[in-house]
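Breakdown of the fold
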Amino acid sequence: MEDVIYNFQEQTWHLSAHRAIFWREEQALIVSDLHLGKSTHFRKAGIPVPANIGQDDLYRLQLLITAYNPVQVIIVGDMFHSSENNDVPYFKLWRQQFAHISFKLVKGNHDILGAHLYETMNVEVYDTLSIKEIHFVHEPCDSSDGYTFSGHLHPGFAVAGPGKQRLRLPCFYFGRNCSILPAFGKFTGLAMLEPEEGEAVFVIAENTVLKVN
């Protein structure tokens, strides 16, 4: 699978255009903000949105797992969007094909399912997950104790396009003390970032990852 390799914090990170990072040294696939069940939640409220968005996102995750063959998948918050709905049994069925892989969820503000449901899905749940002095939290991007990876913001960056247009694209952000992951789920918005000098930004333009800052 094509990606961009970024050596940072003395570790090797594969940045995928599928909005995920593969951490080579830990054999970990890292994603954030899947928001599974969000389309079902909106449809129940009478808002017409496509019904298969969550299934498409899980298919992309399946492709990534097949390509990188990780021993663990780290979800940095907002795995499910809200309360239990039909996407939970679908995920349980989907999960069975990767029973040998550890799934670790760092709880986000939308992760409100009961503990027993995560157990039935074979998902380990953490408030904060720390590996090699790198900390994973959903929010905020906290740099008080070592380097942090977070999600929540659904970061984006504006780049110049043809005809003086400004294209708003999802991105990976690597600051001095913390990084922010793009939202893996496609049914999400963008919060535009204004990085400082010396901070790295990689935008995702269709099937390509490009360093722009």
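Presented here is a report on the structure given in the accompanying data block. (Residues numbered from 1 in each chain as written. Predicted model: local features only at pLDDT ≥ 70, side-chain atom pairs only at ≥ 80, totals over all residues. Heavy atoms only, no water.)

Our focus in this paragraph is helix 3 (residues 87-95). Structurally, the α-helix is built with 3.6 residues per turn, so residues lying three or four positions apart point the same way. Every buried residue belonging to helix 3 is among Asp87, Val88, Phe91, Trp94 and Arg95, and all of these are buried. One side of helix 3 carries all its buried residues, which in axial view fall inside an arc of 120 degrees. (Buried < 20%, exposed > 50% of the residue type's maximum accessible area, 1.4 Å probe, protein only. Helix = DSSP H or I, 4+ residues; strand = E, 2+ residues; numbered from the N terminus. Arc of directions from axis to C-beta.)

For the rest of this paragraph, the subject is the packing of aromatic side chains. Using the criterion set out here, one finds 18 aromatic pairs in the structure. Taken together, a centroid distance of 6.3 Å and an interplanar angle of 75 degrees make the contact between Phe91 and Phe103 edge-to-face. Of this pair, Phe91 sits in helix 3 while Phe103 sits in strand 6 (residues 102-106); the two residues are 12 residues apart in sequence, bridging distant segments of the chain. The exposure class assigned to Phe91 is buried, which follows from its relative accessible area of 1%. Residue classification places Phe103 among the buried positions, given a relative accessible area of 1%. (Phe/Tyr/Trp six-rings, centres within 6.5 Å; stacked < 30°, edge-to-face > 60°.)

Now for the pattern of salt bridges. Applying the stated criterion across every chain yields a total of 4 salt bridges. A salt bridge links Glu26 to Lys132; the shortest N-O distance between them is 3.2 Å. Of this pair, Glu26 sits in the loop between strand 3 (20-23) and strand 4 (28-31) while Lys132 sits in the loop between strand 8 (129-131) and strand 9 (134-136), and the two are 106 residues apart along the sequence. Note on Lys132: relative accessible area 47%, which makes it partly exposed. Of the charged contacts, one joins Asp57 and Arg60 as a salt bridge, the two residues approaching to 2.9 Å between their closest N and O atoms. One end of the pair is Asp57 and the other is Arg60, both in helix 2 (residues 53-68) and 3 residues apart, which spans about a single turn. Taking the relative accessible area as the measure of exposure, Asp57 reaches 3% and is therefore buried. In this structure, a network of salt bridges that share partners links the residues Arg176, Glu196 and Glu199. (Salt bridge = Lys/Arg side-chain N within 4 Å of Asp/Glu carboxyl O.)

One open sheet holds the 7 strands; their spatial order is 1-2-3-4-5-6-7, and the pairing between them is mixed. What marks the edges here is a single partner per strand, and that holds for strand 1 (3-8) and strand 7 (123-126). Shown here is a sheet whose adjacent strand axes are inclined to one another by a mean of 25 degrees, direction ignored. Sheet topology places strand 1 next to strand 2 (residues 11-16); 6 bridges connect them, and they run antiparallel. Opposite Val4, over in strand 2, you have Leu15 as the bridge partner. (Pairing = 2+ DSSP bridges. Axes fitted to C-alpha atoms, helices over the stretch in contact; angles between N-to-C directions.)

Within the secondary structure, Asn207 sits in the loop between strand 15 (200-205) and strand 16 (208-211). On the basis of relative accessibility, which here comes to 64%, the residue Asn207 falls in the exposed class. The spacing of Asn207 and Ala17 is 190 residues in sequence and 5.3 Å in space, taken between C-alpha atoms.

This next bit is on the layout of surface pockets. Which parts of space are left empty comes out when a probe the size of a water molecule is rolled across the atoms. For the largest pocket, the calculated volume is near 170 Å³. Ala17, His18, Ile204, Glu206 and Asn207 are the residues nearest the centre of the largest pocket, which is lined by 11 residues in total. Across the lining of the largest pocket, the residue classes tally to 3 nonpolar, 3 polar and 5 charged. (1 Å grid on protein atoms, 1.4 Å probe; cavity = no way out; pocket = protein on both sides within 12 Å on 5 of 7 lines; lining within 4 Å. Points joined across faces, edges and corners; volume = space filled by probe spheres on them. Nonpolar A, V, L, I, M, F, W, Y, C, P; charged D, E, K, R; others polar.)

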